[in-house]
Amino acid sequence: MTNYTEEEIVQQTKNWVAKVVVGLNFCPFAKREVLRDSIRYHVSNKDSLEEVLEELVRELNYLDKNVTTETTLLIYPKLFEDFESYLDLVDMGQSFLNQLNYEGIYQLASFHPQYQFWGTTLDDASNYTNRSPYPTLHIIREESIERALEHYEAPEEIPERNIQVAEEMGAKVLQQLLLDCYQL
């Protein structure tokens, strides 16, 4: 649990997007959306999984109605500290997308302070490609991804390039970069 205000949590997440996601080019499509100010940052103060899932549905409806908002980062400072419980949320969120006929319209990307890829150790530098200040669900418009990928050479190489960058920088440097995002 955090003692930061909602505004501070949003700023810390914006710092992460600027310093890590855009700064290290982990997502080559993010810079455009940062410059366009088309990223919605929503801090969830819900206390239960049921409320969080209801909030996810509301956020999908929000994106349906607000086409100038390209993407949403749902930030969970109070829940899902445990990475395994967070993965349960991701699975349930994906099921919700399917049940609500949003498959092919939106997709979820996941970020967590303790993110760990299968087959890696917790301190492996590659995990920092998906580590964020807070557990975060990223709702992405599929149409936008498809459009962006049409103009990007070898998009399938993005994850490999990110892992290479992370490994070259090392876990200690990336850990400090992530910690720096909390500075206001």
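All values reported here derive from a predicted model rather than from experimental measurement.

About the criteria used
Residues numbered from 1 in each chain as written. Predicted model: local features only at pLDDT ≥ 70, side-chain atom pairs only at ≥ 80, totals over all residues. Heavy atoms only, no water. Helix = DSSP H or I, 4+ residues; strand = E, 2+ residues; numbered from the N terminus. Contact = heavy atoms within 4.5 Å. Polar contact = N/O pair within 3.5 Å; in protein donor to acceptor, adjacent residues only side chain to side chain. Pairing = 2+ DSSP bridges. Axes fitted to C-alpha atoms, helices over the stretch in contact; angles between N-to-C directions. Buried < 20%, exposed > 50% of the residue type's maximum accessible area, 1.4 Å probe, protein only. Disulfide = S-S within 2.5 Å.

Asks: Requested: an account of unusual backbone geometry, with residues and values cited.
Replies: Even without being glycine, Phe80 reaches a positive phi, approximately 65°. Phi at Ala154 takes a positive value of approximately 55°, unusual for a residue other than glycine. Mapping Ala154 onto the fold places it in the loop between α5 (142-150) and α6 (158-169).

Asks: Explain the environment of Gln94 to me, using residue names and the numbers behind them.
Replies: Tracing the backbone shows Gln94 in helix α4 (residues 83-99). C-alpha separation for the pair Gln94 and Tyr106, spaced twelve residues apart in sequence, amounts to 9.6 Å.

Asks: Lay out the environment of Ser44 with the relevant residues and their values.
Replies: Locating Ser44 in the fold gives a position in the loop between β1 (39-43) and α3 (49-65). Ser44 sits 83 residues away from Asn127 along the chain, and the two C-alpha atoms are 24 Å apart. Dropping the residues within four chain positions of it, Ser44 is found in contact with Val52, Glu55, Ile75, Tyr76 and Pro77. Side-chain polar atoms of Ser44 contact the backbone nitrogen of Lys46, separated by 3.4 Å. Polar side-chain contacts of Ser44 include one of 2.5 Å to the side chain of Glu55.

Asks: Outline the sheet that holds strand β3 (residues 106-111), supporting the account with residue identities and numerical values.
Replies: The sheet built from four strands is open, its strands ordered β1-β2-β4-β3 with mixed pairing. Of all the strands in the sheet, just β1 and β3 have a single pairing partner and so form its edges. Averaged over all pairs of adjacent strands, the angle between their axes in this sheet comes to 20°, without regard to strand direction. Bridge count for β3 against strand β4 (residues 136-141) is six bridges, and the pairing is antiparallel. Bridge assignment links Tyr106 to a residue of β4, and that residue is Arg141. On top of the sheet, α5 reaches β3 and β4; it is set at about 70° to β4, its chief contact.

Asks: Which residues make up the side chain of Ser126, and what are the values?
Replies: Along the polypeptide, Ser126 turns up in the loop between β3 and β4. Judged by relative accessible area, which is 4%, Ser126 ranks as buried. Setting aside anything within four residues of it in sequence, one finds Ser126 in contact with Phe117, Thr120, Ile163 and Ala166.

Asks: Residue-level account of the state of the cysteines, with values.
Replies: Enumeration over the complete set of coordinates arrives at zero disulfides. Of all cysteine sulfurs in the structure, the one in Cys181 sits closest to Cys27, which takes part in no disulfide; the separation is 16 Å. Judged by relative accessible area, Cys27 falls into the partly exposed class, the value being 27%.

Asks: Residues and numbers for the side chain of Asn130, please.
Replies: In this structure, Asn130 sits in the loop between β3 and β4. A relative accessible area of 16% means that Asn130 is categorised as buried. At a separation of 3.1 Å, a polar atom in the side chain of Asn130 contacts the main-chain carbonyl oxygen of Ser110. Of the polar contacts made by the side chain of Asn130, one reaches the side chain of Thr129; its length is 3.1 Å.

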